[in-house]
Structure formats: structure tokens, C-alpha cells
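Each chain, written out:
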Protein chains: 4
Amino acid sequence: MVVILKREHTQQQLEQAVRAMEAGGVKVMISKGAETTILGAEGNAEGIDQEKVALLPGVERVMRVTEPYKKANRKYHPDDTAIDLGNGILVGGQRLAVIAGPCSVESEAQIVAVAQAVKGAGAAALRGGAFKPRTSPYSFQGLECQGLELLKEAREATGLPIVTEIMGTEYIDLFEACVDVIQVGARNMQNFDLLKKLGRHTTKPILLKRGLSNTIEEWLMSAEYIMAGGNEKVILCERGIRTFETYTRNTLDLSAVLAVKRLSHLPVVVDPSHACGKAWMVERMSLAAAAAGADGLIVEVHNDPPHALCDGAQSITPEQFGTLMDKLGALGACIGRTV
Amino acid sequence: MVVILKREHTQQQLEQAVRAMEAGGVKVMISKGAETTILGAEGNAEGIDQEKVALLPGVERVMRVTEPYKKANRKYHPDDTAIDLGNGILVGGQRLAVIAGPCSVESEAQIVAVAQAVKGAGAAALRGGAFKPRTSPYSFQGLECQGLELLKEAREATGLPIVTEIMGTEYIDLFEACVDVIQVGARNMQNFDLLKKLGRHTTKPILLKRGLSNTIEEWLMSAEYIMAGGNEKVILCERGIRTFETYTRNTLDLSAVLAVKRLSHLPVVVDPSHACGKAWMVERMSLAAAAAGADGLIVEVHNDPPHALCDGAQSITPEQFGTLMDKLGALGACIGRTV
Amino acid sequence: MVVILKREHTQQQLEQAVRAMEAGGVKVMISKGAETTILGAEGNAEGIDQEKVALLPGVERVMRVTEPYKKANRKYHPDDTAIDLGNGILVGGQRLAVIAGPCSVESEAQIVAVAQAVKGAGAAALRGGAFKPRTSPYSFQGLECQGLELLKEAREATGLPIVTEIMGTEYIDLFEACVDVIQVGARNMQNFDLLKKLGRHTTKPILLKRGLSNTIEEWLMSAEYIMAGGNEKVILCERGIRTFETYTRNTLDLSAVLAVKRLSHLPVVVDPSHACGKAWMVERMSLAAAAAGADGLIVEVHNDPPHALCDGAQSITPEQFGTLMDKLGALGACIGRTV
Amino acid sequence: MVVILKREHTQQQLEQAVRAMEAGGVKVMISKGAETTILGAEGNAEGIDQEKVALLPGVERVMRVTEPYKKANRKYHPDDTAIDLGNGILVGGQRLAVIAGPCSVESEAQIVAVAQAVKGAGAAALRGGAFKPRTSPYSFQGLECQGLELLKEAREATGLPIVTEIMGTEYIDLFEACVDVIQVGARNMQNFDLLKKLGRHTTKPILLKRGLSNTIEEWLMSAEYIMAGGNEKVILCERGIRTFETYTRNTLDLSAVLAVKRLSHLPVVVDPSHACGKAWMVERMSLAAAAAGADGLIVEVHNDPPHALCDGAQSITPEQFGTLMDKLGALGACIGRTV
């Protein structure tokens, strides 16, 4: 941490600032110039209450030097972390892991059929919504617990691990018992109460979606919440951010994939379906995500998009998914990844 | 709802679209022109699955005509709704209701002292955080349940109703038992699970903060979630939105106050402290909010800002609060409001 | 400027960084710790090429300490700057200067009638567009030079100075000759070629609108461009920024008024008409702007809004303007300003 | 265009709305229901002043059905437009056209060396800034006219057409005389005066960068400005948009490439250098852009990035550019494009 003092600070104010920093357990380096006086924290500045130091009378400004996240930080964990989806397939390794399935689970026939189709095309896991976060209380809210039962049947039938979204802390035990990867939706990325308890009370990997308007640092801090609780199995998911553009549902931020891979050791997957909201964009954006260096994809596949109970507009068919997997395989060959 | 058909649609596609609309329980008006064919829904189009209609082969686009919220909609409730804070003081009436208190409850001495000071200056209720949503898991998270106890003591000592934030559904019974107004923070504005249960399992007024990047319609849909559950006592709170500007913590959107008052019958209060993040801006922005037509304010007041455990930079002192109340009183005289 | 070296920097890299800073004409303070080494620039760091220093091998990051604007900076000009609109009325003084008029000049009858009406209600200057920046090349582009002639006639008839927008450098001599205040529109805020030449080749005050997505610092840097050229008469105009909200045309950022008044000595006016895009919001937002501390307002007034050639939706009538001026007068009494 | 009347409209208001629409030269279809009355414009609604119709007393809202751009619209020009860079190489054809060069021209040695290097690696054209748009008036503004001379020498030496940015209308004749492709920077995307004159007074292709916060529709409307003037040779350039993320300079919006290719027939190139602001991201984002379907790239290449006078942080070396071209060639084989 670096503290710049006001030009007209007093000696007493300087000492007060130094004491406040030392109280945080650091050694303070003082550079006193004719115009500028700089105080540098020597050592881990995390113990310093920056807000308080910034409020001291002689202080002009406080500048943080290090990232606020530790467990998610590549600086302290140089090697990539790879996470097992539950069937031995790793996210974060050499294989591009593709998770596929419908926006919401609708019936046994539907989910099993889609699971078999995506399994056949090479999917690594099955996604499907049982509890749906909908903007309107009057929209279909998902089959809820019954949906989880149907997902289990689909896993039964295909061996694919299941990835589904959790909506609140009261479902943690249920999810811990029957889900393979627990998804935290974009709107819950800063539901700190949920993050804390997922860190403490689950052993399952958490697929943490980036909030619609959150920065990469905030996203990694949410991962830190989960990891600080003890569960270090966090898979980050870029799913598009809110911008002024309305043609697409959101704007897929592929540079965030590169940024996160550099700042953190955690694996990153990309969700082109929610990002674009248009089925015809999914193939191209999936290829772009792979070329950018994503560790995996999460794609919406529905047996009958026009009649989907939710997000049909962004769902591709099993046939289109098969074509996508073929093209990802060919692209993978150029960038050193298998599918 | 209005549906525009593709120029080259077939008669069969037209009939398919009409059937899909009629299935939603509306009468369909057909305007067939040489180039454009328009289908208009006669009656309540809420029953129509717009996503599905939009996916039909002959459909160019679907346009919604009515707002998706009902209970929060002024169209169906022309009169202003005024909500009792618990001590007979109404938010949404002629009085400008000012809620004041520290960002977080720190000790009995602190919260009682601040409560007495703001009571003396004319505050309508006491705010104070017991459970704090912090970006970092390593920051002070609030005194939690003990904080609620201290708030009760402050209420005891002053008669001021207490307004405090809830972080998850597991605390609903506790809050229902001891809190007067339950605050939902900006980051939980679309925590739909929490909204649903607050609607069903509480009778206390809900102070619903606008999400950092949410539109007015999304905000009203979140109010709708609570109201649809049965609890219609929702107080909206504008607390600044995220913009590219970094000088202020967020950007206070005062035109949203006017917009919401026109679109909805619910009362609206403004939080200048979180919006600006700078204590020296609070007085001016409070006056501006009152001039814009806010029904109340929620202001951070701390007995010793430089030593606050949280958000000291945006807290004003009891003395400054007294001055603010005096100025609000004078301004109120120009705009027909009392404080 | 503060430079943080990489933990594993070499002595040679340290010396290279110091040399690069000294080349910018500053003395360098070195704080060498076990883990962190900080280089502090003693003196004016403007001469240092920060981009280059940041690219040096041993450098972790470079942090700027001072604002990049000088002439617009209050630090070097503590007193408020007040600018004469051309008729002796100052913007930036005790009087709240209200500039009013139609979005675009349409005819002699229209502009003269509106000018007389707003003059009668106490306007300080007349605004009116001759050259219109329109999103579509097929929309009405303004009466252009003929519009300037009509504005001159309105000035003739009322004595009100005229404020109108310039679209390119080729019009500078023409505007210098016949306009009292030259407006630079939001979309041209970073038209650096125009800013430079306005600084060098005009003596008239420049009303500089904030860009739709620009930060306060970028806005002040655009003012700096004009001032660096020699014309220090810059009036800043907050006219709403682009946000995700679509109910209003833009989002009026009143906290920016406070911020700019603190960071700069230049006067600031607010344009509620373009910010909101809704005539019914203008009165309330004008009062809010005055309460926030704006030095003036620029309001669209049209004799017949429903038939305006441009922006009728946000124009108020002369009658409504009269009412607004009365209310501003009453509010002014509370905040120590006259109208 | 579709007009929805207020529920309680009068017959006279209906007729007034119909007349206002007919005045725009369309036939009006009336769908009168018990609750909703819809007026549909039959034919080209461009002649209707939507603002005025929206202000009529009986009108609830006006909804546009067709895009406001014509010449840039794929609906009226189904085939892709390919534009010759000046040396027979087309942008918008099967070849992925890569434009490369330094941010700014610094010296003859520098620009000629870079030109020869990128030519050798397969670049289609040379980019280089002579007039630089800088946020600060105190930053290097480019070599200006001398820079153009040096670019001509580099063209001389390599045969590569030159792409450089124009800052104002006064330079149009100069650019028309010596530049091959005229670039309009992001900050000038809505400098309508410049767009108009580029449309009327140049025959050279215009590389139109997307504004930092502009929508795709606004971007296409700016292209329409140029095309409406007579110059239909517009190359669109996605260069990243402003978002809340600060780790990257801007956020590259690759879904915009797909969107624009569908909405318009114009070619689209991507600038990963300005979008990311980090040299190490350029290769990956270039591959992603190609995978997404871009018609070309514009990449910053500098012989000595650490000593570049501008944007060294985002410039790659000629060696890195060679590697990038090889990888693009390999990727091209998967997606049916040559480099």
C-alpha cells in the first residue's frame, strides 16, 4: 500500500498516518520530498484499514498495490487448477470441456433425450435448470425439486454429471446430496450469504457465473468468498456482461477469459447462449471462445427450441450441437486442445 | 401485444401465429396490408408466451405494449401508497421521512448515541447494519445477531423504528420478530428466492434498494415479486447506479425518482450516502433529492466517522445531520413538504 | 508519480527506471524495502512518459498522483471563474443563469416569439440550434446559416445573447463573428481538432457539453484542450450520461456538478431537457440541479412543442417556463441564489 | 410503424393520428378493439415524423418496425460488399485482410522498417497515425503532415496501401490526394459534419471505427451518413467498447461482428490492439475475431514497443506479428479463409 500525504501536512499528521499503517502490522517506508511525501507499506498491507487511513487529516490518497484476493490469485498458485466434473473429466486441463443441455428441465422424456444426444456428441456434462431465476414472478419458475429428480434420471441414463443452479442457502444440503456441479447464477454473484455457505457446507465444485455488470476483480472476490470458506473448487463462467447494446442479450467479454487466466489459477468456461441470446450466434461465438483460450463451454441445447418453456431463442438443436462439436474438434487441433 | 409478420409469410404461418396468441386467451385483430401484416392482441396478453410466438417461422418481431408489473403499477392503483414505518410516520405522504444512522452497528454506546442524536434532529427512523454485505470476505462482516440486539436497545431508548438489511432467507423469522423495516440491498435486488419468501413470510415493510445496474422496470419487477407473494408494503430506494464515473462511488439517478413515482404508486426514498460515497456531497444531494420529489431519505450518520468500522468516508456527523434537517425544512417550505 | 518495482527487480532495472523518471525532469525518491521498492517523483511529473516507464522490465506499475489538467484545475485557481454571457450576466456568480430557447430555430416568428417570452420570464440568454447533430442523415439538419441570421434577429429584438452549437472547424470564423456563446455538443466533446481550434481562434465563451459516456476527468481534459489554446472562457454543461436506463433519454448526473465544482474553478450549467427527454420532468430536475449547486440551467422552450421540428417531447412552453422561473426564485431564496 | 392509441382516445384523436401518418405518405390500417386500438403504417414510414405522432394527445406510443438505415442495410443489398484497399486486396471477401503498423508514425526509418516487416509477413495494408487523437493536449499529437509524407515513402518502399486517421474536414482534400483508406476514429464516429463531407468529397474507402459507447444501430447510422453522401465504400471496425471493466482498455465485442454481418452488407474488421490495450492479448483475440467471422484485422505492430511514442503497451513486435499470421493461416484452414 502506498499513502500520499497532502502537500501541507504537519509532522504530527505524518506520524498519525505512520502509526495507523504500523497498526496494520507493516513496516513503513517514508520518502519525504519538498513537495511530495510518500509512505510505503513494507509487507502484507491486508491488515491495514485503508478506509480509515484515507480519512486521516494529512492524507491525500491511498493506493492499493496488491490484489485483494489470495486463494484465487495466480501469484500464490502459479499452476492451473483443474477441476473434476464428477466423471473424471477435468475443466482446466488440456481437454475443452463442453457442458450442454436445456435451459430448464421440462420432462423426463425431454431431459433424457437431450442428455443422450449431447453425450453422443461428446459433451462432458449435462446442464439443466430445475430452479429458474426469472425476471417476472409470473413466468415459469422451473420444476424445482421434481426437476432435480429428472436430472438424476438423465445422469442415470447417460453417466453425465449434472450441473444446475442453486437459488438459496436452504437448498445446499439437497444440492450437496444430488448435484455434481452447483451453479451460482449471475444475479447471485454477490449474494454473499450464499457464497459463504457454499464455501463452508459443500464439497461439490461451484460454477460461478460473472455478474452482469461486475468487474473481473469483483468476480474473483466472489470466488474468494467461496474458497475462504474451505471449498476451493470454483469454476468461473463468463456469460456476457450488460452493455448499451440491445441487439444481443448481453455482450460476451472474451478478453475477460484471458485476463482471468492470467490473474487466477482457476478454470474458466464460457456461456455463449446466455451471452448472445440468439441460437444462430452460438456456433461462431463458441469457436471464438475456444480460440481465446476458454477451458470449456456451457451451451444450451434443446430437442425442440420453438416449444422450449424457457429461452428457446438461444437454444440450439442436438444436430446443431453435433456440428458445433465437430468444428470445435477441428479448431482444437490448431490451438492444441481436444474436445 | 403486437406481432409483426415477415413480409413473405404464408397464410398457414399467419394462422399459426394467431392460434398461438389465442391460446394465451386473447382475441386477435389482423391488419393485412400489401407489405405489412400486423396482429394485435385484444385484451390481457400476459397469458401469451411471447418468447414462443417470437420463434414462430412467419414472425418478424413481437412488441410488448403493457408493463409486465401489475401490483406495483400506478395504472391499476392511481393513488399514492403510503407506508407506516412502525411508529405512525408514513413514507409516501406529505412528510419527507428521513431515516438515519450508521453504516454498521458497532456498540451499544455508539448506536444509542447516534439514535438519540438523529431522533433529536427529527429523523423518522433509525438505520444500522447488523449483517453487512462486503465485497471482501476478509472485511468486517457486521455484528450480525448481536447487532440486532443493539438496534433493539436503541429503539428501546428512542422509540425510533429500526431499518436494517437482511442477507438471506434463513433470517426472515428473526427479522419478522425484531425489525421494523427490512432492507434488501442492491446486490440482492434480483435474489428472487429471497424476494419470494419476503413476500410470503413477512408482514414488515420492505425497503428495496435498486440494483447497481438495473433498470427501473427490473426494479419494479423485483417489487412485484414481493407484492405477488402477499406483502404489498414495498418502499423503493434509489441508491445510485454504476456508471463509468469513478469520482463518486455510484451515480445518483434522481430522474428515476420522478419516473418511478409516475409508473408506480409505491413510495421512493433516496440514499445519497451510498450513491456518492463522499460525506461532503450528502447535504447537497439530499436537497436535490427532496427537490426532485423523493418521499424520504436514508442517510448515514456516525458519531465518529474517522473511526467508523465501515463507510466512514460517506458518513456525516450528528451536527451535520442537524444542519441538513434544518435546510430540508427550509426547502420543504418551497415544495410543500414538511420534515 | 509513484512507481512500484517488481519484487524480483534487478539493481540495473531500478537504475533504468530512475533514469527514465529523471529524464522527465523530476528528482526521484527511492524507498527500498525487503519486498517492495517504491520510486516517488519529486516535482512536476508531467514531463515523464508514464506509458514508457510502465513498460520497463523491472516495473510492476505506475500510479499517477496528480490530475492531468492544469488550467481547469481548482488547485491552481482556487477562486471560482465567472464568465460573461455577453450582456453582463455572469455564469458562475451568485445569480443562477438560465439559458432558454427552442431545440432548433424554425422561423423568424418562432425564434423571436420564444426569445421575447423567455426574456420576459427572466432568462439570461437565448439558446437555439441552427446546425443540428442528428443521428439520422435523413432527419431535419437545421436551418444552418439562415438559422444564425434568425438568431441574430432575435438578439436584435430582445438583447439576449445567443448560444448555439458549432459542428466543425470551418464555421469558427462565422460563429466568432455572430454568436455570443459557442456550444460544443456532447458528441463532439472529444473532437480534439475542433477543441484545439476553438482554443486558438475564438474569444467567445465555449459551452462544453459532457460526452454521453465520458468521465469527469475526460470532460475537464477537453476543457483543458480549449484553455491550452488560449481561450479560458469555458462553461461546462452536464446534460445527462448514457446508462442502461431507457425510460429517460439519458441519466442526469447531478453529483457531477458537485464534483466538477470541487475539482475545477469553471462554472457548470445543467441541461435537464436533453438529459431526461421528457418535458414533464424538466421543472423538477431543474429545481434539483439548482439545489445541487449548478451555476445555471439550459432549458428547451418551444412555443408549440407538438409541432416542433425537433425534440418537441422535451420542450416546455413559455408558460411552463414562467412557472419554472418563479419556483427557481423561491428555491433560490433557500440556497442563497437569485435568478 | 405501429401506433398504439390510448385506451380512452376519442374518435377525433384517432383521425388526427391517422392524418399525421397519412401525411407521411403511408396507407394506415386501423385495428379497433374494445381495449386496444392499433394503427399500422402500410408502406415506407420514413416520411412520418415519429416524434410528432408520439406527441399527439390520443397516442400511447409509437413503435418503429424497420431499421432507420437503408444503404447500409442488408435487406436491400443481400450480397456482401467487398472493398478494395487500393492494391487489389479486398476486405469482405474470402481473404482475411490484415492491416498492420505502428500506432503513430515516428520516423522514416521506423515506418519503412515496420512496413517491410509486416509486408513480409503477409499484411494487406499499412496502418500508421499521423494525426493522433490524444486525451491530453500535452501528449504527443503525431507528426501530422510530415507523418503523411513518411507514410507515402513507406508505401513507395513496399507497395502497401496506407490507412490513417483523419481528424477534421479541413484535411479531406489532403487525405483524398495521398491516403488509400481514410480512418474515422471512435471519438469521431458521431462527428456528423465530418461524416457528411467524407461522403460527399472523397472517393477513398472509409474505415469507420465504432464509438466507445455506441450501439450497432448508431454505428450503422454513421455509415449511412457517409453512404448517403455518395461514398458507399465503408469498412466497419469493431475496436472495443467502454464497459465497467478496467483491466482491459476497452471490451472487444465480437458478437457485434456477427450482428453487423447480418444487419449489413458492409465488411467488418476488428482492432484487438486498442480493444485490449495489452500486447500479450493481441494474438488470442485476433484468433477469436477470425473465428467469430471478422473480414479482417487491424493490428498495432512496432519495431521497438518499449520506446514507442504512443501505445507501446499494446503493440506487438514484427516477430510476434509473423507468428500471429502463421496461426491465422492455420485457423483460416478450419473456417474456410485464407490470410
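Residues numbered from 1 in each chain as written. Chains lettered and ligands numbered in written order. Predicted model: local features only at pLDDT ≥ 70, side-chain atom pairs only at ≥ 80, totals over all residues. Heavy atoms only, no water.

Chain A carries the name 3-deoxy-7-phosphoheptulonate synthase in an unreviewed UniProt entry, which gives Lawsonibacter hominis as its organism.

(A) Spatial organisation of the overall build of chain A. What chain A contains, in helices and strands, is 11 helices and 14 strands. Referenced to the eigenvectors of the C-alpha coordinate spread, the extents of chain A come out at roughly 75 × 45 × 40 Å. Within chain A, buried positions represent 65% of all 339 residues. Working note: accessible area of chain A is about 10,900 Å², and carbon and sulfur atoms make up 49% of it. Of the side-chain charges in chain A, 36 are positive and 40 negative, and the distance between the mean point of each set is 4 Å. (Helix = DSSP H or I, 4+ residues; strand = E, 2+ residues; numbered from the N terminus. Buried < 20%, exposed > 50% of the residue type's maximum accessible area, 1.4 Å probe, protein only. Areas by Shrake-Rupley, 256 points an atom, 1.4 Å probe, with all protein chains shown as cover. Lys, Arg positive; Asp, Glu negative; His and termini not counted. Charge placed at Lys NZ, Arg CZ, Asp CG, Glu CD.)

(B) Broad picture of the UniProt feature "domain: DAHP synthetase I/KDSA" (unreviewed entry) in chain A. UniProt tags residues 83-325 of chain A as "domain: DAHP synthetase I/KDSA" (unreviewed entry). Along residues 83-325 of chain A one finds 39% helix and 16% strand; the C-alpha atoms at either end are 21 Å apart. (UniProt positions renumbered as here; feature names shortened; annotations may be inferred.)

(C) Highlighting the domain arrangement of chain A. Domain annotation for chain A reports domain 1 (2-63) and domain 2 (83-335). Taking only C-alpha atoms into account, the centre of domain 1 of chain A sits 45 Å from that of domain 2 of chain A. (Domains from an automatic or database assignment.)

(D) Spatial organisation of the sheet that holds strand 12 (residues 234-238) of chain D. All names here are of chain D. Taken together, the eight strands give a closed barrel; going around it, the order is 7-8-9-10-11-12-13-14, and neighbouring strands pair in parallel fashion. Across this sheet, the average inter-strand angle for adjacent strands is 30°, counted without regard to direction. Judged from the four bridges that link them, strand 11 (residues 206-209) and strand 12 form a sheet pairing that is parallel. Note on strand 12: the bridge partner recorded for leucine 207 is isoleucine 235. In the packing of helix 11 (residues 318-335) onto the sheet, contacts are made with strand 7 (97-101) and strand 14 (296-300), and the angle to strand 7 comes to roughly 175°. (Pairing = 2+ DSSP bridges. Axes fitted to C-alpha atoms, helices over the stretch in contact; angles between N-to-C directions. Contact = heavy atoms within 4.5 Å.)

(E) The arrangement of helix 11 (residues 318-335) of chain C in detail. Its 18 residues give helix 11 of chain C an end-to-end C-alpha distance of 25 Å, which sits within 8% of 26 Å, the value for a rise of 1.5 Å per residue. All of the buried residues along helix 11 of chain C are Pro318(C), Phe321(C), Gly322(C), Leu324(C), Met325(C), Leu328(C), Leu331(C) and Gly332(C). Summarising the contacts, the buried residues of helix 11 of chain C are in contact with helix 11 (318-335) of chain B together with strand 7 (97-101), helix 3 (108-121), helix 10 (279-292) and strand 14 (296-300) of chain C. Of the residues flanking the end of helix 11 of chain C, it is Gly336(C), one or two places downstream, whose phi is positive at about 70°. (Expected span 1.5 Å × (residues − 1).)

(F) Main features of the nonpolar core. Judged by nonpolar contacts, the single largest core of 320 residues is most densely connected at Leu254(A), Leu254(B), Leu254(C) and Leu254(D). Setting aside chain neighbours within four positions, we find Leu254(D) in contact with Leu254(A), Met285(A), Ala288(A), Val270(D), Ala288(D), Ala289(D) and Ala292(D). (Core = buried A, V, L, I, M, F, W, Y, C linked by side-chain atoms within 4.5 Å.)

(G) Seen up close, the pattern of salt bridges. Taken as a whole and assessed by the stated rule, the structure comprises 80 salt bridges over all chains. With a closest N to O distance of 2.9 Å, Asp253(A) and Arg210(A) form a salt bridge. In this pair, Asp253(A) sits in the loop between strand 12 (234-238) and helix 8 (255-263) while Arg210(A) sits in the loop between strand 11 (206-209) and helix 7 (216-228), placing the two residues 43 residues apart along the sequence. Considered together, Asp253(A) and Arg210(A) belong to a single accessibility category, that of buried residues. The shortest N-O distance in the salt bridge between Asp49(C) and Lys52(C) comes to 3.2 Å. Of the residues examined, Lys52(C) reaches a relative accessible area of 23% and is grouped as partly exposed. (Salt bridge = Lys/Arg side-chain N within 4 Å of Asp/Glu carboxyl O.)

(H) A look at the relation of the copies chain B and chain A. Each copy superposes on the other: chain B lies on chain A with an RMSD of 0.0 Å after a rotation of 180° and an axial shift of 0.0 Å. What we have between these two chains is a two-fold relation. Relative to the rotation axis, the closest C-alpha in chain B is found at Ser213(B), a distance of 3.2 Å. A shared interface surface links the copies, since 100% of the contact residues of chain B are contact residues in chain A too. (Least-squares fit on C-alpha atoms with pLDDT ≥ 70 in both.)

(I) Highlighting unusual backbone geometry. All names here are of chain A. Unusually for a residue other than glycine, glutamate 144 sits at a positive phi of about 50°. Residues other than glycine seldom take positive phi values, yet aspartate 311 does so here, at roughly 55°. Tracing the sequence through the fold places aspartate 311 in the loop between strand 14 (296-300) and helix 11 (318-335). The class of aspartate 311 is buried, set by a relative accessible area of 8%.

(J) Just the relation of the copies chain B and chain D, in detail. Mapping chain B onto chain D is achieved by rotating through 180° and translating by 0.0 Å along the same axis, at an RMSD of 0.0 Å. Here 100% of the contact residues of chain B are again contact residues in chain D; the copies associate through an equivalent surface.

(K) Examining the interface of chain B and chain D more closely. Opposite the 25 residues of chain B that make contact, chain D presents 25 residues. Of the roughly 1,900 Å² buried between chain B and chain D, counting both surfaces, carbon and sulfur atoms make up 63%. Broken down residue by residue, the surface that chain B buries against chain D is led by Met29(B), Val65(B) and Phe244(B), which jointly contribute 28%. Across the chain B-chain D interface, the total number found is two salt bridges. Close ionic contact of Lys75(D) with Glu60(B) constitutes a salt bridge, the shortest N to O distance being 3.8 Å. Scanning the region where chain B abuts chain D turns up five residue pairs in polar contact (both at pLDDT 80 or more). (Buried area = accessible area lost by both parts, 1.4 Å probe. Polar contact = N/O pair within 3.5 Å; in protein donor to acceptor, adjacent residues only side chain to side chain.)

(L) Representation of the pairing of strand 3 (residues 37-42) of chain C within the structure. Residues and elements named next belong to chain C. Of all six residues that make up strand 3, six are buried, and the element is covered over most of its length. Of the two faces of strand 3, the one carrying Thr37, Leu39 and Ala41 and the one carrying Ile38, Gly40 and Glu42 are both buried. For strand 1 (residues 2-5) and strand 3, the ladder comprises three bridges, and the chain directions are antiparallel. Across the sheet, the residue bridging to valine 2 is glycine 40, located in strand 3. Here strand 2 (residues 27-32) runs beside strand 3; their pairing, made up of six bridges, is antiparallel.

(M) Fine view of the sheet that holds strand 10 (residues 181-184) of chain C. Residues and elements named next belong to chain C. Spatially, eight strands are ordered 7-8-9-10-11-12-13-14 in a closed barrel, and the strand pairing comes out parallel. Adjacent strand axes in the sheet meet at a mean angle of 30° when their direction is disregarded. Relative to strand 11 (residues 206-209), strand 10 runs parallel, the two sharing three bridges. Note on strand 11: the bridge partner recorded for isoleucine 182 is isoleucine 206. The strands touched by helix 4 (residues 145-158) within the sheet are strand 8 (125-127) and strand 9 (162-166), with strand 9 carrying the most contacts at an inclination of about 165°.

(N) Inspection of the interface of chain B and chain A at higher detail. Contacts between the two partners involve 46 residues from chain B and, on the opposite side, 46 residues from chain A. The junction of chain B with chain A conceals about 3,600 Å² of combined surface from both sides, 49% of it contributed by carbon and sulfur atoms. At the boundary of chain B with chain A, the tally comes to four salt bridges. Between Arg242(B) and Glu218(A) there is a salt bridge, with its nearest N and O atoms 2.4 Å apart. Linking chain B with chain A are 24 residue pairs in polar contact (both at pLDDT 80 or more). The set of elements that each furnish at least two residues to the side of chain B that touches chain A consists of helix 2 (50-55), helix 6 (192-201) and helix 7 (216-228) of chain B. Classifying every residue of the side of chain B that touches chain A gives 18 nonpolar, 13 polar and 15 charged. (Nonpolar A, V, L, I, M, F, W, Y, C, P; charged D, E, K, R; others polar.)

(O) Up close: the environment of Glu42(A). Considering the arrangement of structural elements, one finds Glu42(A) in strand 3 (residues 37-42). Taking the C-alpha atoms as reference points, Glu42(A) and Gln12(A), 30 residues apart in sequence, are found 21 Å from one another. Here Glu42(A) is in contact with Val26(A), Lys27(A), Met29(A), Gly33(C), Ala34(C), Glu35(C) and Thr36(C), once residues within four sequence places are set aside.

(P) Highlighting helix 10 (residues 279-292) of chain A. All names here are of chain A. An ideal rise of 1.5 Å per residue puts 20 Å on 14 residues; helix 10 measures up with 20 Å between its terminal C-alpha atoms. Burial analysis of helix 10 places 11 of its 14 residues in the buried class, the great majority of the element. Regarding helix 10, the residues found buried are Ala279, Met281, Val282, Met285, Ser286, Leu287, Ala288, Ala289, Ala290, Ala291 and Ala292. One or two positions beyond helix 10, positive phi appears at glycine 293, with a value near 115°.

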